[in-house]
Amino acid sequence: MEQQSKQPITYRFPAGFWWGSATSATQIEGAANEGGKGKNIWDHWYEQEPHRFFHGVGPEVTSDFYHRYKEDIALMKEIGHNSFRFSISWSRLIPDGAGEVNPEAVRFYNAVIDELLANGIEPFVNVYHFDMPLAMQNMGGWENRQVVNAYARYASLCFRLFGDRVKKWFTHNEPIVPVEGGYLYDFHYPNVVDFRRAVQVAYHTMIAHAKAVAAFRKAAIPGGKIGIILNLTPSYPRSQHPADVKAAHIADLLFNRSFLDPAVKGEYPQDLIELLAEHGFLPVTEAGDRELIKENTIDLLGINYYQPRRVKAKEYMPNPDAPFLPERFFDYYAMPGRKMNPYRGWEIYEKGIYDILINIKENYGNIECFISENGMGVEGEERFRDENGMIHDDYRIEFIREHLKWVHRAIEEGANVKGYHLWTFMDNWSWTNAYKNRYGLVAVDLDNHLKRTIKKSGYWLKTVAENNGF
Ligand code: BG6
C-alpha cells in the first residue's frame, strides 16, 4: 500500500472530500428481537412467507453490527473512511412507531455515534430505509396520514436526541423503491399491485419528507444539513425518434422527478401532474400541502446510482385488463453491446453518473450533492477468496475507479459534488435477496462466525481516501 500511495495522482478530488460507505439498519444490525426493538414489516413478512427470501434467510441473520459495531468502526478507520452512513431503525427507537421511546435504542445509537466520532468518522444518518414498523403498516403504512405524522414525530425525535453530534441528516433512502416494491411490482411488503395506491404512497412519503424537513428547521441544529437520498436512474431513449424520447421523458418523470423536483425545487413537474390527471390517478391531498412542499426544500442531495434505464416507445397496445403499471407508457430496451455486470445482471454504464451530476448542476441549481451509493453486487463472491482469506475483487476496483473518473470530470465542469460513498461497508442482508449479492468492502463469512476480512477493494479505497485521489 505504501508504494501505491507514492504514485502520481491523476484524479485528485477537492479538499475535504467525503470518502466512505453506506448501510441500513435492517441490513446490518441483526438483533431483530433484542434490545426492546419492535417488529417491522421485514420481520413480519419473513415470518409469514420465508420462501420469498433467498435461501430462506431472514432479517435476524445479518452482519450483527448491533453487537460488533466497535470492531466494524475500527475496520472503517483502517480502510480510510472519513464518513459513514447508517440508518436508525424506527421500530428500534419507537417499537410501535408512535408511542414510547426505547431507552436501549437511544443508548445503542449514542454509542455508535460516539464511537464513529472518536475514530474521526463523520456520521451521516438516514431516518428511514424501507423499514416501516409493523404497527404503522397495520394502520395502512404510507397510505395513512396518521403514519405520516408519526414519522414526522419520529424524525424530530432523532434530530433532538442525536443532533448535537450528527450534522448530516437524510429523511429517506430511495423513497421510490417501497412504492415500486410494495405497491407495483411485488417485491416488498405489503406486496400490493395497484397504481392508484402507489401514487398515494409516493405522495405521502413526500409529505412525510417535507414535514421532517420542517421539524429539522425547527430543531435548528448548528451546522446541520438535511437532505434526501434518491436513486436516480438516467432515462435514455432507444433513439431520437419523438416516440422514444417521450417514453424516456415519462420514465424520468415517474421514477426520478417524482421525488427530485419536489425535494429540490419545492414543486412537482407540471407534466407529471398532467400525466396523472389524464389517467385519473391524482393523489388525495390536503389544504396546505403545496406550501409545505414549497417551503421545505433540502440542503444536500444524496445520489444513489447503479444503472441507467433504457426505454423505447411501446410497440404493442397494452392489454386493457392487465394491471396499470408504469410500463403502460414505455417498454424496456436492452441496448445491443451494453456492458453488463455478469454477476448481478445489471447494466454498467459509468457515464450515467456524470449525466446525473451535470443534470443536477444545470437544472437543479447546482445544489450540494454527493454520491451516496454506487456499487457492484456479486453472487458467489466466495470463489475469489485466496488461501489467506482475502477476496480479490478486482472487478469492483475497476467499477469504482471508472465511476470515480466520471465523478471527477463532473466536478471539473463545476458540479457541486462533496463525496463518494460506496454501497456498502460490509457484505450484508439485502431484503428478499438476503445474502445473494455481495457488495461489501469487507467480506462477512457466514460459515465462520461472521468473520470480517477486508477485501482487496477495501485496501484500494483506503489509498484513494488517503491520497484524496488516484
Ligand atoms: C440499494 C438499496 O438500492 O440497493 C440497498 O439502498 C440495497 O438497500 C442495494 O441493498 C443492493 O440491492 P441488491 O438487491 O442488489 O442486494
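Given the structure is predicted, the values throughout are model-derived calculations rather than measurements. (Residues numbered from 1 in each chain as written. Predicted model: local features only at pLDDT ≥ 70, side-chain atom pairs only at ≥ 80, totals over all residues.)

Draft legend 1. Representation of the overall build of the protein. The helix and strand inventory of the protein stands at 16 helices and 15 strands. Radius of gyration (C-alpha) of the protein: 21 Å, near the 23 Å computed for a compact globule of 470 residues. Taking the principal axes of its C-alpha atoms as reference, the protein extends roughly 60 × 55 × 45 Å. A buried classification covers 49% of the 470 residues belonging to the protein. (Helix = DSSP H or I, 4+ residues; strand = E, 2+ residues; numbered from the N terminus. Rg over C-alpha atoms; globule rule 2.2 N^0.38 Å. Buried ≥ 20, exposed ≤ 12 C-beta atoms within 10 Å, placed from the backbone.)

Draft legend 2. Expanded view of the site of the ligand. Near the ligand, the surroundings consist of Ser-24, Gln-27, Asn-173, Glu-174, Asn-231, Asn-304, Glu-373, Gly-377, Trp-423, Ser-430, Asn-433 and Asn-437. Among the residues forming the shell around the ligand, the class breakdown is one nonpolar, nine polar and two charged. (Near = placed C-beta within 6 Å. Nonpolar A, V, L, I, M, F, W, Y, C, P; charged D, E, K, R; others polar.)

Draft legend 3. The arrangement of the pairing of strand S1 (residues 18–22) in detail. The buried count for S1 comes to five of five residues, which makes it a mostly enclosed element. Neither face of S1 is open: one carries Trp-18, Gly-20 and Ala-22, the other Trp-19 and Ser-21, and all of them are buried. Pairing of S1 with strand S12 (residues 417–423), which is carried by five bridges, proceeds in the parallel orientation. Across the sheet, residue Ser-21 finds its bridge partner in S12, namely Leu-422. One ladder, built from three bridges, connects S1 with strand S2 (residues 83–87); its direction is parallel. If you follow Ala-22 over to S2, its bridge partner there is Arg-85. (Pairing = 2+ DSSP bridges.)

Draft legend 4. Spotlight on the UniProt feature "active site" (unreviewed entry) in the protein. If you check UniProt for "active site" (unreviewed entry), the listed places come out as Glu-373 in our numbering. Tracing the chain through its elements places Glu-373 in strand S10 (residues 369–373). According to the C-beta neighbour criterion, Glu-373 is buried, with 23 such atoms within 10 Å. When neighbours within four sequence positions are excluded, Glu-373 is seen to be in contact with Ala-22, Asn-304, His-421 and Trp-423. (UniProt positions renumbered as here; feature names shortened; annotations may be inferred. Contact = placed C-beta atoms within 7 Å.)

Draft legend 5. Local environment of the sheet that holds strand S8 (residues 309–312). Read from one edge of the open sheet, three strands run S6-S8-S9, paired in mixed fashion. This sheet does not close on itself; its edge strands, each paired only once, are strand S6 (235–237) and strand S9 (331–332). As defined by bridge partners, S6 adjoins S8 across three bridges and the pair is classed as parallel. Within the sheet, the bridge partner assigned to Pro-237 lies in S8 and is Val-311. Contacts from helix H11 (residues 242–265) reach S6 and S8 within the one sheet, and its direction differs from that of S6 by about 170°. (Axes fitted to C-alpha atoms, helices over the stretch in contact; angles between N-to-C directions.)

Draft legend 6. Fine view of H11. With 24 residues, H11 extends just 27 Å between its outermost C-alpha atoms, more than 12% less than the 34 Å of an ideal straight helix rising 1.5 Å per residue. The principal kink in H11, of about 60°, is found at Arg-257. The buried fraction of H11 is high, at 18 of 24 residues. Of the residues trailing H11, Gly-266 is marked for its positive phi of about 80°. (Expected span 1.5 Å × (residues − 1). Bend = angle between axes of the 7 residues up to and from the residue.)

Draft legend 7. Highlighting the nonpolar core. Residues Ala-155, Leu-357 and Val-407 are the most contacted members of the largest nonpolar core, which totals 133 residues. If you tally residues by element for this core, the top one is helix H10 (residues 195–219), at 13 residues. Ala-155 has contacts with Val-127, Thr-171, Ala-212 and Ala-215, leaving out every residue within four places of it along the chain. (Core = buried A, V, L, I, M, F, W, Y, C linked by C-beta atoms within 7 Å.)

Draft legend 8. The arrangement of the confidence of the model for the protein in detail. Summarising the model, the protein shows a mean pLDDT of 97, and 99% of its residues fall at 70 or more. pLDDT under 50 marks residues 1–5. Its contacts with residues more than four places away, or in other chains, come to seven contacts. For this predicted complex, the interface confidence score (ipTM) comes to 0.96, while the overall pTM stands at 0.97. (pLDDT = per-residue confidence, 0-100.)

Draft legend 9. The sheet that holds S10, seen in detail. The strand order around the closed barrel built from eight strands is S1-S2-S3-S4-S5-S7-S10-S12, with neighbouring strands paired in parallel fashion. Each adjacent strand pair in this sheet contributes to an overall mean axis angle of 25°, direction not counted. Note: strand S7 (residues 300–304) against S10, four bridges, orientation parallel. Residue pairing in the sheet places Gly-302 in a bridge with Phe-370 of S10.

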